[in-house]
Amino acid sequence: MKGTLVSLSFIILFLNIQCLRSKIDLLYLYILCHNVSVICLSEHWLRNSEVNHITLDNFILGNCYSRIKNKNGGTIIYVNTNIKIQILELENFCSEIDFEICGVIIKELKLLILTIYRSPKGKKEIFFEKLDKAFEAVYNPRYELLVYGDFNIDLCINSVNRL
């Protein structure tokens, strides 16, 4: 009896895009060449009213957080249309500039995927407090937790005060 070798590819792309609107064509070219399954972006700079107007062929909007008061920032996740997801409701944890988060669940693969952004002007204390609460809320011992983001924290500084 001959066996069949199955090769599965599941690629997650994270970018701090700094204005998705102006880079959508470059992003699309990249995902065409790299067989990406999930796209996690920080600093998309889109308002809520713009989010549904930015589309990528073969991808659905998985989840998104957009700022209301301040400009720029935000997090967004796009997922290949062949992947079934569940939205993680995380907006209650968001604090503009300090902690911006969105997430999805891929039950079939037992994955929780989060995208997080903290502005360089964000308060680190609020960031870590919200991060801890968000982790507590989504924790599931049967799922792998994948966290992508730009925390704007220099981990190369050798100091107890870096955080």
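To be clear, the structure that these remarks concern was listed above.
(A) Helix H1 (residues 20-34), seen in detail. At Leu26, H1 shows its strongest bend, of approximately 35°. Restricting attention to buried positions, one finds in H1 the residues Leu20, Ile24, Leu27 and Ile31. Those residues of H1 that are buried are in contact with strand E1 (12-16), strand E2 (38-42), strand E3 (59-65) and strand E4 (75-80). Trailing H1 by a residue or two, Asn35 shows a phi angle of about 50°, which is positive.

(B) Expanded view of the sheet that holds strand E6 (residues 100-106). Across the sheet, four strands lie side by side as E5-E6-E7-E8; this open sheet has mixed pairing. The open sheet has two edge strands, strand E5 (86-88) and strand E8 (144-150), and neither has a second partner. The mean inter-strand angle of the sheet, taken between neighbouring strand axes irrespective of direction, is 20°. By the bridge criterion, seven bridges tie E6 to strand E7 (residues 111-117) in an arrangement that is antiparallel. Each residue of the ladder has a partner; that of Gly103, found in E7, is Leu114.

(C) Looking closely at the pairing of E1. Where E1 lies against E2, five bridges are found, and the strand directions are parallel. Residue Leu13 lies in a different strand from E2, and its bridge partner there is Ile39. You can see the chain leave E1, run along H1 and come back into E2, and the turn it takes is right-handed.

(D) The arrangement of the sheet that holds E1 in detail. Strand order in the open sheet formed by four strands is E1-E2-E4-E3, with mixed pairing between adjacent strands. Edge strands, defined here as strands with exactly one partner in the open sheet, are E1 and E3. Averaged over all adjacent pairs, the angle separating strand axes in this sheet is 15°, with direction ignored.

Calculation notes
- Residues numbered from 1 in each chain as written.
- Predicted model: local features only at pLDDT ≥ 70, side-chain atom pairs only at ≥ 80, totals over all residues.
- Heavy atoms only, no water.
- Bend = angle between axes of the 7 residues up to and from the residue.
- Helix = DSSP H or I, 4+ residues; strand = E, 2+ residues; numbered from the N terminus.
- Buried < 20%, exposed > 50% of the residue type's maximum accessible area, 1.4 Å probe, protein only.
- Contact = heavy atoms within 4.5 Å.
- Pairing = 2+ DSSP bridges.
- Axes fitted to C-alpha atoms, helices over the stretch in contact; angles between N-to-C directions.
- Right-handed = clockwise from strand over helix to strand, strands pointing away.

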